[in-house]
Amino acid sequence: MNIKLKIWRQKNAKAKGKFVNYSLDNVSPEMSFLEMLDALNNKLIIEGDEPVAFEHDCREGICGCCSLYINGTPHGPGEKTTTCELHMRSFKDGQTIVVEPWRSKAFPVMKDLIVDRNAFDKIIAAGGFISIDAGSSQDSNAVLVRKEKADEAFISASCIGCGACVAACKNASAMLFVSAKVSQFALLPQGKVEAVERVQAMVAKMDELGFGNCTNTYACEAVCPKGISVTNIARMNREFLYAKIS
Amino acid sequence: MIKLDSKIPEGPLAEKWTNYRASQKLVNPANKKKQDIILVGTGLAGSAAASSLGELGYNVKVFCFQDTPRRAHSVAAQGGINAAKNYKNDGDSVYRLFYDMIKGGDYRSREANVYRAAEVSNATIDQLTAQGVPFAREYGGTLDNRSFGGVQVSRTFYAKGQTGQQCLLGAYSGLLRQIGKGTVTMYSRREMLELVVIDGKARGIITRNLVTGELEKHSGHAVILATGGYGTIYYLSTLAVNSNGSAAWAAYKKGAFFGNPSFVQIHPSSIPVLNEYQSKLTLMSESLRNDGRVWVPKKKGDKRPANDIPEEERDYYLERRYPAYGNLVPRDVGSRAAKERCDAGYGVGDTGLSVNLDFKDAIAKQGKKAIEDKYGNLFEMYEKITGINPYEEPMRIYPSGHYTMGGLWVDYELMTTIPGLFAIGESNFSDHGANRLGASSLMQCAGDGYFVIPNTIGNFMSGEIRTSKISTDAPEFEKAEKDVTEKIKKLFAVNGKQTVTSFHKRLGKIMWDNSGMSRNEEGLKKALKLIDELKEEFWKDVKVPGTNDEINQELEKAGRVADYFGLAKLIVTDGLNRGESCGAHFREESQTETGEAKRDDANYSYVSVWEYKGDEQEPKLRKEDLNYEFVEVKERDYK
Ligand SMILES: Cc1cc2nc3c(=O)[nH]c(=O)nc-3n(C[C@H](O)[C@H](O)[C@H](O)COP(=O)(O)OP(=O)(O)OC[C@H]3O[C@@H](n4cnc5c(N)ncnc54)[C@H](O)[C@@H]3O)c2cc1C
Ligand code: SF4
Ligand code: FES
């Protein structure tokens, strides 16, 4: 296949960026999207140009490193698919693909397609944990947890922190990410003790960092590669309300 | 002269850890506040250690090369984490877990360390559960278990096929809690490029800020490495592609000895190589062998689609060769058996380099829903990559580089041969001998971090309470920084025509062909020569674009590959020295008539411990003799 690429290039956080066009031959439908970018970079390096910087590590959809707006959608066209899991068989010969970094005030561009998602760590540090020091826990089976609750908590906990939800949201809201963590702990008995403080601290931090409000457009849920549902947001709102009155 | 002292505490096996803790020196809380610890790595080992040391009151500075600690490679672990809880009432105990690991490691690990790893496993599961890790549960609300290879009990805790993610996120939340409290300071997007040793003690590191390119000096009273394994030396492996061996290599060059470098685990089941562009081999967890059956056609070169091959024409070769363990043989055995069938011409797929992993029977018996509940995400992953639906057709799998049992040599306190330098998690050589059993790495990493290092580091730190803050103005820091600057300059100066990745691929192929699942003297000797030639070519013709003072991913890769040439030679040298077969190290010269690995206890019952003597010099071999006091050394038999 031949693929035409239109890629956002930006030297560093301060520089002004622009789109640059590339054409790449011999793309195989079996290649992953990132392997296609590897091939482009290989070509650029040999021709004496600078390769395109993009983030990646596990290349199997679990670390949350990879990002990329592909033809206007975070993580591209696949359903519940991260960019690294996307394969070129999803594109057609001769197609033009536009590749951009996450666009969000909370995630400034650092270089080309790499953005700074440090804000997520700050939110977790504000309250996204259960306060238990090593050595003070009791036997795991001392507290029973209903299977369906544990399974539900697991689904919320499977968020990979990629930031696609923020990138897709017109308000740059981090509600899906934050509510997934709040939900995981709200569903488990271990998390109940600090539930009030947790939701307040995390929401306050989220607001402080400049993430926008949620206006229920559900764009986040549509792009989330892990299928994190907006029901988490509803649960967090209930937790928040409860925290206020208690 | 550095003496190899493993510092194994006195007493019966089951009392060693208790005795050790009762007698080790402590640091009082007021003094801990004045002590700085540098910790490199935020995988399960590093994150668990960081939070625990922070809880104790030390000042901890933590480093990782990703943008956030939560993305460390541990996040990708799939199948599970072991503990000797005996919740299943199936005869499990700390001793049995210890024994399984000793046997699984083919009697090439240290009894005392392994026993302790088994001993702290129960507290580790409790800690993770308390942190909110949503492990799978039974309908009655208790934790569920599954089986893993090489054992006959069910002791593996899991969270679908995402156990590593869930455990890491638990440990990460503990780490972030300490960051919020100010006991731990996080330095992400930093790569440690050099270790600083002052008066014989590890006192700091040089890091490159991966955003600005600036070299930074960080000092501490002690340094802990939790930098993971070096499986990416094969280029294609199941590891996250940025995993590397450079931190361990830097420590080795500064005087930390390296233990059993050639002990590398090749995992029997990953998605096979499909094309030449492939950048990674995705693991299909061992847990799948609880329900999946491995087979190849009985007829050589049978190219019919798997579903068209009738039952009686299938060779379930693991069940045939190893009736007692069947599909759940240990990894090294499973990998070699797959290679044997493929080499003999029975492999499936276009390349003939894969075998079937079939769920037909399990789906018929338990229903699709039950299988989906257990392995849903793995099946999805498989389909996304290959375009094939494994509910309908068997998966095709093949072995690939996965885990390094070898690593920095450490004593019972997890201290390397450089005083004040510790190594935890996969980066050390300690607990898995010549082969690691499934679900025991997460167990070791978390155990090292939560319960071992917080207890053992005190012995060293208690000797440092009168040492004031270590100044980064020391000449040793200057020198280390200068060395790093020189290396970076040298990499740019080559300005050749070939990409870093092309060299990495070629190195990987040399290692896979000659120092992979099966090794022989001729191949290993050839590999030494090929590595030298490739290294020379690298330093003449590699192209590193861009500059130092910006994000430069090619520069990062170049430094890691440059280090891998040295480590590759060390692996091969170790493999050459070890003339026996044991665990994952299969020397063709040493096998039984039926093709099983033949150990040679009379000559090789030791840990090979290598000392760096210079880039152009042969490393020096020392031996830590393995004296089995508590278990009887037997032939490892899974039949
Ligand atoms: C696909 C896969 C599945 C697995 N599944 C299982 C399983 O089910 N059960 C099990 O027990 N084990 C499993 N394993 C093995 C297990 O995941 C690893 O052995 C374990 O996670 C290693 O953890 P770690 O903390 O030692 O290091 P890692 O998680 O590898 O972390 C290394 C850390 O060090 C940092 N680092 C490295 N070098 C530097 C440097 N120079 N400067 C700064 N930072 C640096 C990295 O940023 C990272 O934070 C699996 C492995 C793979 C590959
Ligand atoms: S909620 Fe989904 S989209 Fe948002 S960070 Fe988590 S995984 Fe990514
Ligand atoms: S690279 Fe890890 S999720 Fe895509």
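Residues numbered from 1 in each chain as written. Chains lettered and ligands numbered in written order. Predicted model: local features only at pLDDT ≥ 70, side-chain atom pairs only at ≥ 80, totals over all residues. Heavy atoms only, no water.

**Q** Help me out: how do you make sense of the pattern of salt bridges in this one?
**A** Oppositely charged side chains may form a pair once their charged atoms are brought near each other. All chains considered together, the criterion is met by 76 salt bridges over all chains. With a closest N to O distance of 2.7 Å, Arg235(A) and Glu152(A) form a salt bridge. Taken together, the residues Arg235(A) in helix H9 (residues 231–245) and Glu152(A) in helix H3 (residues 147–157) connect sequence positions 83 residues apart. Owing to a relative accessible area of 32%, Glu152(A) belongs among the partly exposed residues under this scheme. Measuring nitrogen to oxygen at the nearest pair gives 3.1 Å for the salt bridge that ties Lys540(B) to Glu536(B). (Salt bridge = Lys/Arg side-chain N within 4 Å of Asp/Glu carboxyl O. Helix = DSSP H or I, 4+ residues; strand = E, 2+ residues; numbered from the N terminus. Buried < 20%, exposed > 50% of the residue type's maximum accessible area, 1.4 Å probe, protein only.)

**Q** What is the right way to look at the sheet that holds strand S8 (residues 215–219) of chain B in this model?
**A** Hydrogen bonds along the backbone pair up the strands of a sheet, which may run parallel or antiparallel. Residue and element names in this part refer to chain B. Sheet architecture is open: 3 strands sit in the order S6-S7-S8, paired in antiparallel fashion. The outermost strands of the open sheet, each flanked by one partner alone, are strand S6 (190–198) and S8. On average, each strand axis in the sheet is tilted by 25 degrees relative to the strand beside it, whichever way the strands run. With 5 bridges connecting them, strand S7 (residues 201–209) and S8 associate as antiparallel partners. When the sheet's bridge partners are listed, Gly204 is paired in S8 with Ser219. Contacts from helix H13 (residues 475–494) reach S6, S7 and S8, with the element oriented near 140 degrees to S6. (Pairing = 2+ DSSP bridges. Axes fitted to C-alpha atoms, helices over the stretch in contact; angles between N-to-C directions. Contact = heavy atoms within 4.5 Å.)

**Q** What is the right way to look at the packing of aromatic side chains in this model?
**A** Working definition: an aromatic ring pair is given by the centre-to-centre distance plus the angle between the planes. What the rule picks out here adds up to 34 aromatic pairs over all chains. Taking 3.7 Å as the distance between ring centres and 0 degrees as the angle between the ring planes, the aromatic pair formed by Phe120(A) and Phe177(A) counts as stacked. With a gap of 57 residues between them, Phe120(A) in helix H2 (residues 118–127) and Phe177(A) in helix H5 (residues 175–187) connect regions that are remote in the sequence. Assigned by exposure class, Phe120(A) and Phe177(A) land together as buried. Measuring from ring centre to ring centre gives 6.4 Å for Tyr95(B) and Tyr99(B), while their planes differ by 15 degrees; the resulting arrangement is stacked. Of this pair, Tyr95(B) and Tyr99(B) both sit in helix H4 (residues 94–104), 4 residues apart, which is roughly one turn of the helix. Taking relative accessible area as the criterion, Tyr95(B) reaches 38% and is therefore assigned partly exposed. By the ring-pair criterion, three or more aromatic residues cluster together here, those being Tyr230(B), Trp249(B), Tyr252(B), Phe258(B) and Tyr612(B). (Phe/Tyr/Trp six-rings, centres within 6.5 Å; stacked < 30°, edge-to-face > 60°.)

**Q** Got a minute to help me understand the site of ligand 2 in this structure?
**A** The immediate surroundings of ligand 2 are formed by Phe120(A), Cys159(A), Ile160(A), Gly161(A), Cys162(A), Gly163(A), Ala164(A), Cys165(A), Leu176(A), Cys224(A), Pro225(A) and Ile228(A). Residues that form the shell around ligand 2 fall into these classes: 10 nonpolar, 2 polar and no charged. (Near = heavy atom within 4 Å. Nonpolar A, V, L, I, M, F, W, Y, C, P; charged D, E, K, R; others polar.)

**Q** Teacher, can you tell me more about a negative patch on the surface here?
**A** There is a patch of like negative charges on the surface, built from Glu372(B), Glu380(B), Glu383(B), Glu392(B) and Glu393(B). Locating Glu392(B) in the fold gives a position in the loop between helix H11 (368–386) and strand S15 (395–404). (Patch = residues over 30% accessible without salt bridge, like charges linked within 9 Å, V, L, I, M, F, W, Y side chains within 5 Å. Areas by Shrake-Rupley, 256 points an atom, 1.4 Å probe, with all protein chains shown as cover. Lys, Arg positive; Asp, Glu negative; His and termini not counted. Charge placed at Lys NZ, Arg CZ, Asp CG, Glu CD.)

**Q** How do you make sense of the domain arrangement of chain B when you look at a structure like this?
**A** Accessible area lost upon the coming together of the parts is a frequently used measure of interface size. Residue and element names in this part refer to chain B. Structurally, chain B comprises domain 1 (269–402) and domain 2 (475–602). The C-alpha-based centres of domain 1 and domain 2 are spaced at 30 Å. Between domain 1 and domain 2, a total of about 760 Å² is buried, with carbon and sulfur atoms accounting for 57% of that surface. Its largest share of buried area at the contact with domain 2, domain 1 owes to Asp332, Arg336 and Lys339, together 53% of the area lost on that side. Joining domain 1 to domain 2, the criterion identifies 1 salt bridge. The closest approach of N and O atoms between Arg321 and Glu596, which form a salt bridge, is 3.1 Å. Inspection of the domain 1/domain 2 interface yields 3 residue pairs in polar contact (both at pLDDT 80 or more). For the side of domain 1 that touches domain 2, the secondary structure elements donating two or more residues are helix H9 (331–343) and S15. Its residues placed into classes, the side of domain 1 that touches domain 2 shows 3 nonpolar, 3 polar and 5 charged. (Domains from an automatic or database assignment. Buried area = accessible area lost by both parts, 1.4 Å probe. Polar contact = N/O pair within 3.5 Å; in protein donor to acceptor, adjacent residues only side chain to side chain.)

**Q** Help me understand the nonpolar core, please; the structure alone is not making it clear to me.
**A** The nonpolar side chains of soluble globular proteins are, as a tendency, buried together. Residues Phe211(A) and Ile457(B) are the most contacted members of the largest nonpolar core, which totals 208 residues. Those residues in contact with Ile457(B) that lie beyond four places of it in its chain are Ile37(B), Leu53(B), Tyr58(B), Ala222(B), Ile224(B) and Phe422(B). Among the nonpolar cores identified, the runner-up in size contains 26 residues, and Met36(A), Leu40(A), Leu68(A) and Ile70(A) belong to it. (Core = buried A, V, L, I, M, F, W, Y, C linked by side-chain atoms within 4.5 Å.)

**Q** What is the right way to look at the interface of chain B and chain A in this model?
**A** On the side of chain A, 72 residues touch chain B, which itself brings 74 residues to the contact. Between chain B and chain A, roughly 6000 Å² of surface is buried when both sides are summed, and carbon and sulfur atoms account for 51% of that area. The tally of links from chain B across to chain A stands at 8 salt bridges. Taking the shortest distance from any N to any O, the salt bridge between Arg189(B) and Glu55(A) comes out at 2.9 Å. Linking chain B to chain A there are 43 residue pairs in polar contact (both at pLDDT 80 or more). Put simply, the parts of the chain that give the side of chain B that touches chain A at least two residues each are helix H3 (44–56), helix H5 (111–130), helix H6 (163–181), H11, helix H12 (440–461) and helix H16 (553–577) of chain B.

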